[in-house]
Amino acid sequence: MKKNFLCLSDFDANEIYALLKLTDHLKHGIYSEQPLKGKTIGLWFTLPSTRTRLSFSAAIAQLGGVPLMLSSSDLQMQRGESLEDTIRAMTGLLDALIIRTENHAWVTEVAKLATFPVINALTSKLHPCQSLADLYTIYEEKGDLTGLKVMYLGDGNNVCHSLMIACALTGIHLTIATPKAHQPSKEIYHHALNMAHLHTTLTLTDDPASAISNCDVIYTDVWTSMGDTSKDKSVFEPFQVNQSLLKNASPDCMVLHCLPAHRGEEITHDVLEGTQSKVWQQAYNRLPAQKAILINLLMH
Ligand code: CP
Ligand code: NVA
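None of these values were measured; they are calculated from a predicted model.

J.: Residue-level account of the sheet that holds strand β4 (residues 118-120), with values.
T.: Across the sheet, which stays open at both edges, the 4 strands sit in the order β2-β1-β3-β4 with parallel pairing between neighbours. Looking at the sheet topology across the chains shown, the edges are occupied by β2 (66-70) and β4. Geometrically, the sheet is characterised by an average inter-axis angle of 20 degrees between neighbouring strands, direction not taken into account. Summarising the sheet, strand β3 (residues 96-100) and β4 pair through 3 bridges and their orientation is parallel.

The structure is reproduced here in structure tokens:
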């Protein structure tokens, strides 16, 4: 049966660890095979992207396949062709489809219609491809994931949602500090709790300092995501990742951000460029992580 990658919880903990091992092998091992030779993979992005678009395109090309950028304005859907007929046309012409769009339900619908694997490259609900690279970056820096402590600060958004699931599956303790009105979705919180590794905790708070002193990783993302309506940014100010917050953390604590960053909003320039920041390593890890997802879905 074909597999999709719509949410990290499409995979169990053992499969996530296998993906992380494969990511490591693809980053460091000599991998001269071209497992995607002869395969054409569509990238259908209705929202902007730099890292996801580039890392998937490069991953497909380096594995021997052909990445094909699809824009809604070039497809006949623009002139009224139904989604059903569009996906039917893609069947037999594409080997997989990578989609970035706001509406998560729409991606789920595409995955139901498609006979080929569908990969979620970000919706307003989830960003699972990012989370795999995040887990791998934490593993690279800290080793065994089980028992580590991560603190996420800012908006309870798509990146936060996928991080909750990623931490729950791998046994990482996660504290999420957001303004009360911007907490993550309760549905995803409970979904993550249900699959939580024994002893893993998932804590929601509105106190940005609560878990800083003993965390291994601080993670933040933009306060306004693509597709968000305008927000009162002042409520997020106490959640900024800056030097005064970092003073209370251990010097070994690493700082992550999925990027793009809004310097001076969710994170200051000096922290983003400081020694504790691993954000560029995290961005470059998208390449082996995306390769691992493609190989898993297309070769097994
Ligand atoms: N982190 C991330 O997904 O970046 P892009 O929006 O540039 O793809
Ligand atoms: N939360 C951000 C992530 C961008 C990679 C957004 O959805 O815009």
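J.: An account of unusual backbone geometry is requested, with residue identities and associated values reported.
T.: Cis geometry marks the peptide bond from L259 to P260, where omega comes out at 5 degrees. As for its placement among the helices and strands, P260 is situated in the loop between β9 (254-257) and α9 (269-272). At L122, a residue that is not glycine, the phi angle is positive and equals roughly 125 degrees. Looking at where L122 falls in the secondary structure, it is placed in the loop between β4 and α5 (128-142). Overall, L122 belongs to the buried group, its relative accessible area being 7%. Although it is not a glycine, L259 adopts a positive phi angle of roughly 65 degrees. Along the polypeptide, L259 turns up in the loop between β9 and α9. Given a relative accessible area of 8%, L259 falls into the buried group.

J.: Can you explain the packing of helix α1 (residues 13-28) against helix α11 (residues 286-299)? Please cite residues and give values.
T.: Close contact between α1 and α11 brings their axes to 8 Å; oriented N to C, the two are set at 120 degrees. In this view, α1 runs oblique relative to α11, as classed from their interaxial angle. At the point where α1 passes α11, the crossing takes the right-handed sense. On α11, the residues that touch L19, L22, T23, L26 and K27 of α1 are P288, A289, K291, A292, I293, I295 and N296.

J.: Lay out the packing of aromatic side chains in plain terms, naming residues and giving numbers.
T.: Counted under the stated rule, the structure contains 5 aromatic pairs. Arranged with centres 6.0 Å apart and planes meeting at 35 degrees, the rings of Y152 and Y219 form a pair that is tilted. Separated by 67 residues along the polypeptide, Y152 in strand β5 (residues 149-153) and Y219 in strand β8 (residues 217-220) bring together distant segments of the chain. Above the plane of the ring of F11 lies K3, whose end atom (NZ or CZ) is 3.9 Å from the centre.

J.: Go over the pattern of salt bridges with me, naming the residues and quoting the values.
T.: Tallying each qualifying case throughout the model produces 8 salt bridges. Taking the shortest distance from any N to any O, the salt bridge between E187 and K125 comes out at 3.8 Å. Pair noted here: E187 is in helix α7 (residues 186-194) and K125 is in the loop between β4 and α5, with a separation of 62 residues, a long-range link. Among the residues examined, E187 registers a relative accessible area of 56% and is labelled exposed. Through salt bridges that share partners, D155, D228 and K231 make up one connected network.

J.: Outline the sheet that holds β5, listing residues and values.
T.: Adjacent strands of a sheet form backbone hydrogen bonds with each other and so pair up, either parallel or antiparallel. One open sheet accounts for 5 strands, arranged β7-β6-β5-β8-β9; its pairing is parallel. Two strands lie at the open edges of the sheet, namely β7 (202-205) and β9, each paired on one side alone. Each strand axis lies, on average, 20 degrees off the axis of its neighbour in the sheet, ignoring direction. Taken together, the 5 bridges between β5 and strand β6 (residues 173-177) define a ladder with parallel strand orientation. Paired with V150 across the bridge in β6 is L174.

What counts, and at which threshold
- Residue numbers run consecutively from 1 along every chain, following the written order of its sequence.
- Following the order in which they are written, the chains are lettered starting with A and the ligands numbered starting with 1.
- Predicted model: local features are reported for residues with pLDDT of at least 70 only, side-chain atom pairs are reported and counted for 80 or more only, and whole-chain, interface and lining totals are derived from all residues.
- Values shown for side chains rest on all heavy atoms present in the structure; no hydrogens or waters enter the calculation.
- Only strands that DSSP links by at least two bridges are regarded as paired with each other.
- Secondary structure counts use DSSP, requiring at least four H or I residues in a row for a helix and at least two E residues in a row for a strand, with both numbered from the N terminus.
- What counts as an axis is a line fitted to C-alpha atoms, over the stretch in contact for a helix, and the angles between N-to-C directions run from 0 to 180 degrees.
- Note on exposure labels: buried denotes an accessible area under 20% of the residue type's maximum, exposed denotes more than 50%, and partly exposed covers the range between, all computed with a 1.4 Å probe on protein chains only.
- To sort the angles, those under 35 degrees are grouped as roughly parallel, those over 145 as roughly antiparallel, those from 65 to 115 as roughly perpendicular, and the leftovers as oblique.
- Take the far helix as your reference; a near helix turned counterclockwise from it by less than a right angle gives a left-handed crossing, and one turned clockwise gives a right-handed crossing.
- Contact definition: two residues touch when any of their heavy atoms are within 4.5 Å.
- Side-chain rings of Phe, Tyr and Trp (the six-membered ring for Trp) are treated as a pair once their centres are within 6.5 Å; stacked means planes under 30 degrees apart, edge-to-face means over 60, and tilted covers the remaining angles.
- A ring is scored as having a charge over it whenever the NZ atom of a lysine or the CZ atom of an arginine sits within 6 Å of its centre and within 35 degrees of its normal.
- Definition used for salt bridges: Asp or Glu carboxyl oxygen within 4 Å of a side-chain nitrogen of Lys or Arg.

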